[in-house]
Amino acid sequence: MPKLLQKPRVIARYQRDLLTKLLPACTTLQQAQRELSWIQKELPREQWEQACTQRGCNLMPLQYILGNQPFGSVNIKCRPGVLIPRNDTEEWCGELVDLFHGSDTFSVLDMCTGSGCIALYVATELSNVTVLGGDISQDCISLANENIDLNKDIIKGKISVDSMDLFQPLAGEKKFDVVVSNPPYIPTRELDKQEEVEESVRLYEPRLALEGDLPVFKALVTYHIIPSQCKIFMLEIGSREQGQYTRSLLNELWVVGLRLDSAFRPRNVIGFRTDIKSSIKRKVMSKITELL
Amino acid sequence: MLRLIRLSSSLPRVKIPKANKMPARPTIAEDEFKEKFIKGGSGKGGQKINKTNSKVQLTHIATGIVVTSQATRSREQNRKIAREILASKLQDLEDPANSRRRIVMERQKMVKARKNKKTKAKYETLEKNKQEKEDLLEGIDEMVFIDENSEPVQVDTKQSKQKLLKQL
């Protein structure tokens, strides 16, 4: 450490300057202090100043600056071009794996896998699973593969990723027991509104991973959920309407409901076929807060 | 040698327990508390916002004690930290005399006290030695530089005394 920086007054002034830089991106001083401590913990000293400018003045997401985001017990590498894993998604992944602890071996399709976070969460928590992550973006496929490699020591199940188009039928008549997805679900009219979508999201995260509405859910049901003959699905949604629409696409063989997140917003549409084992049925029902 | 003996004899022997001999961290059963993930601010969520913090709040059912943690970026880590804090608080409440927190704190106090004592003893010895040297030169009023081939030359006494003190 240079001698000059050891003087408390100099350090205090330096920290204050960095904090001031960060403030525009943080709602509170405490939040800015936390972000600064993470930057200082994870990046070398010579990058601190630039990182704070990128974050505060340019509103770049912290995860792109630090290059990663913890997701459950998985560490997910992040870079521009691929959606950053969210808290809300982490929350429902935890509930998803709860359903399958100790169950028979089963297969999962994670459509629009992006960084691979959902697929990796499942494959690191459960050993009785084979997960396939699909995405149309090559940036996502290569990042998801890097993330599999990064976490290979804690992966218990089988996992792979492949190039797949949400709006095309599943190739090769593949069958899955479970379909999960965090598809793009922000309607175009909302995506461009400042009051709807956070500035740093609109500026830096890929539109491909964000923009979408009812047609996305139609494609998931008609090209993936029904042809794969899956028994259970769990999709992240942005509005109650998207859940109701998904319900309308499925027949009476399906029980479909909404799951609210910890802030009581509709966050998932969950469905299961009535002919699955009653032990699993009960578990899935416990995750549904409202039937559709 | 003499100094060493004096130093150790001036310290009363205090036995400090080893750091790895501390009692185990208290744990708490998952059904004793309610866990909540706190989200501040706006009503949106999901893909629309990208939060960097992940606040975990635990409420102990029996006592109503509430603890939170958002120290790290990892929710898993924050959940662990919150459980540790809550377990430690409960232990403090139930058995304050034997709680791990108290025992660890007491050990830290002892370590600090021992360190202070050592530092004090060290400076006392240094001060004493200095005093001894100064006493040695006390009686000298005038210093003369003597060379075999020339007459004795008077020198600055104060300056030379300081030089001598350093060399002793």
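Please read these numbers as outputs of a predicted model, since none were measured by experiment.

Asker: Tell me what's going on with the overall build of chain A, and back it up with residues and numbers.
Answerer: On a plain count of helices and strands, chain A comes out with twelve helices and ten strands. Rg of the C-alpha trace for chain A: 21 Å, near the compact-globule value of 19 Å for 292 residues, within the 12% margin. Reported as C-alpha extents along the three principal axes, the dimensions of chain A are approximately 70 × 40 × 35 Å. Taking all 292 residues of chain A together, 43% fall into the buried category. By sequence separation, contacts in chain A at least 24 residues apart represent 68% of the contacts at least 6 residues apart.

Asker: Can you tell me about the interface of chain B and chain A, naming the residues and giving the values?
Answerer: Each side of the interface is counted separately: chain B has 20 residues, and chain A has 31 residues. Elements represented by at least two residues in the side of chain B that touches chain A include exactly β1 (33–38) and α2 (75–94) of chain B. Grouping the amino acids of the side of chain B that touches chain A by side-chain chemistry returns two nonpolar, ten polar and eight charged.

Asker: Give a detailed account of helix α2 (residues 29–42) of chain A, specifying residues and quantitative values.
Answerer: In this model, α2 of chain A (14 residues) spans 20 Å end to end at C-alpha, consistent with the 20 Å of a helix rising 1.5 Å per residue. Considered for burial, the residues of α2 of chain A that qualify are A32, R34, E35, L36 and I39 of chain A.

Asker: I'd like a rundown of the pairing of strand β7 (residues 232–236) of chain A, residues and numbers included.
Answerer: All names here are of chain A. Counting buried positions along β7 yields five of five residues, so the element is predominantly enclosed. Of the two faces of β7, the one lined by I232, M234 and E236 and the one lined by F233 and L235 are each fully buried. Bridge count between strand β6 (residues 178–181) and β7: four bridges; the pairing is parallel. Pairing of V179 across the sheet is with F233, part of β7. Note that β7 and strand β9 (residues 266–273) share five bridges and pair antiparallel. In the sheet register, E236 faces β9, and the bridge partner there is N268.

Asker: Go over the sheet that holds strand β3 (residues 66–69) of chain B, please, and point to the residues and values.
Answerer: All names here are of chain B. Spatial strand order, β1-β2-β3: three strands in an open sheet with antiparallel pairing. For this open sheet the edge positions go to β1 and β3, each flanked by a neighbour on one side alone. If you compare each strand with its neighbour and ignore which way they point, the axes differ by 20° on average.

Asker: Would you mind going over the sheet that holds β7 of chain A in detail, with residue names and values included?
Answerer: Residue and element names in this part refer to chain A. Here we have eight strands laid out as an open sheet, ordered β5-β4-β3-β6-β7-β9-β8-β10, and mixed in their pairing. Single-partner strands in this sheet number two, and they are β5 (158–163) and β10 (290–291). Helix α6 (residues 117–125) contacts β3 (106–111), β4 (129–135), β5 and β6 of the sheet and is inclined by roughly 175° relative to β4. Helix α7 (residues 138–150) contacts β4 and β5 of the sheet and is inclined by roughly 165° relative to β5.

Asker: Kindly report on the UniProt feature "domain: Methyltransferase small" (unreviewed entry) in chain A, identifying the contributing residues and their values.
Answerer: Mapped onto this numbering, the UniProt entry annotates "domain: Methyltransferase small" (unreviewed entry) at residues 104–190 of chain A. Helix makes up 29% of residues 104–190 of chain A and strand 26%, and the two end C-alpha atoms of the span are 42 Å apart.

Asker: Please provide a residue-by-residue account of the packing of helix α5 (residues 87–100) of chain A against α6 of chain A, values included.
Answerer: When two helices pack together, you describe them by how their axes are tilted relative to each other and by the distance separating the axes. Residue and element names in this part refer to chain A. Relative orientation of the contacting elements α5 and α6 amounts to 35°, with a least axis distance of 10 Å. At the point where α5 passes α6, the crossing takes the right-handed sense. Taken together, the residues of α6 that come into contact with α5 (itself represented by T89, C93, L96 and V97) are C117, I118, Y121, V122 and E125. Partitioned by chemical class, the residues of the contact of α5 with α6 number seven nonpolar, one polar and one charged.

Asker: So what's going on with the environment of V82 of chain A? Which residues, and what values?
Answerer: All names here are of chain A. For V82, the position within the fold is in the loop between β2 (74–77) and α5. Once the C-alpha coordinates of V82 and D162 are considered, the two residues, 80 residues apart in sequence, prove to be 15 Å apart. Contacts of V82, omitting those with residues within four sequence positions, involve G114, S115, D139, C140, L143 and P206.

Asker: Lay out the pairing of strand β2 (residues 55–60) of chain B in plain terms, naming residues and giving numbers.
Answerer: Note: β1 of chain B against β2 of chain B, six bridges, orientation antiparallel. Counterpart to F33 of chain B in the pairing with β2 of chain B is H60 of chain B.

Asker: How would you summarise the domain arrangement of chain A if you had to cite specific residues and measurements?
Answerer: The accessible area lost on association of the parts is a frequent measure of interface size. Domain boundaries in chain A define domain 1 (3–58) and domain 2 (71–291). The centre of domain 1 of chain A, based on its C-alpha atoms, is set 36 Å off from the matching centre of domain 2 of chain A.

Asker: Could you give an account of the UniProt feature "coiled-coil region" (unreviewed entry) in chain B, naming the residues involved and the relevant values?
Answerer: Under the UniProt annotation, the feature "coiled-coil region" (unreviewed entry) is placed at residues 116–143 of chain B. Helix makes up 82% of residues 116–143 of chain B and strand 0%. Its end C-alpha atoms lie 41 Å apart.

Asker: Give me the lowdown on the nonpolar core, citing residues and values where you can.
Answerer: Of all hydrophobic cores here, the largest spans 72 residues; its most connected members are V122, V179 and F233 of chain A. Counting the residues that make up this core, at least three belong to each of domain 1 (3–58) and domain 2 (71–291) of chain A. Residues within four places of V122 of chain A in sequence aside, it is in contact with C93, L96, V97, V108, V129 and V131 of chain A. The next biggest cluster of nonpolar side chains, apart from the first, holds eight residues, and it includes V56, V67, L86 and L90 of chain B.

Asker: Help me get a handle on the environment of G238 of chain A, residues and values and all.
Answerer: Considering the arrangement of structural elements, one finds G238 of chain A in the loop between β7 and α11 (240–248). C-alpha of G238 of chain A to C-alpha of T124 of chain A: the two residues are 114 residues apart in sequence and 27 Å apart in space. The contact partners of G238 of chain A, leaving out residues within four places of it in the chain, are Y185 and I186 of chain A together with G46 and Q47 of chain B.

Asker: Provide a residue-level description of unusual backbone geometry, including the pertinent values.
Answerer: Glycine aside, residues mostly have negative phi, and peptide bonds are mostly found in the trans state. Residue and element names in this part refer to chain A. Backbone geometry at C112 places phi at a positive 55°, although glycine is not the residue there. Judged by the 27 C-beta atoms lying within 10 Å of it, C112 is buried. At Q229, a position not held by glycine, the phi torsion is positive, near 55°. One can find Q229 in the loop between α10 (214–225) and β7. Given 12 C-beta atoms within 10 Å, Q229 falls into the exposed group.

Scoring rules and cut-offs
- Residues numbered from 1 in each chain as written.
- Chains lettered and ligands numbered in written order.
- Predicted model: local features only at pLDDT ≥ 70, side-chain atom pairs only at ≥ 80, totals over all residues.
- Helix = DSSP H or I, 4+ residues; strand = E, 2+ residues; numbered from the N terminus.
- Rg over C-alpha atoms; globule rule 2.2 N^0.38 Å.
- Buried ≥ 20, exposed ≤ 12 C-beta atoms within 10 Å, placed from the backbone.
- Contact = placed C-beta atoms within 7 Å.
- Nonpolar A, V, L, I, M, F, W, Y, C, P; charged D, E, K, R; others polar.
- Expected span 1.5 Å × (residues − 1).
- Pairing = 2+ DSSP bridges.
- Axes fitted to C-alpha atoms, helices over the stretch in contact; angles between N-to-C directions.
- UniProt positions renumbered as here; feature names shortened; annotations may be inferred.
- Left-handed = near helix turned anticlockwise from the far one by under 90°.
- Domains from an automatic or database assignment.
- Core = buried A, V, L, I, M, F, W, Y, C linked by C-beta atoms within 7 Å.

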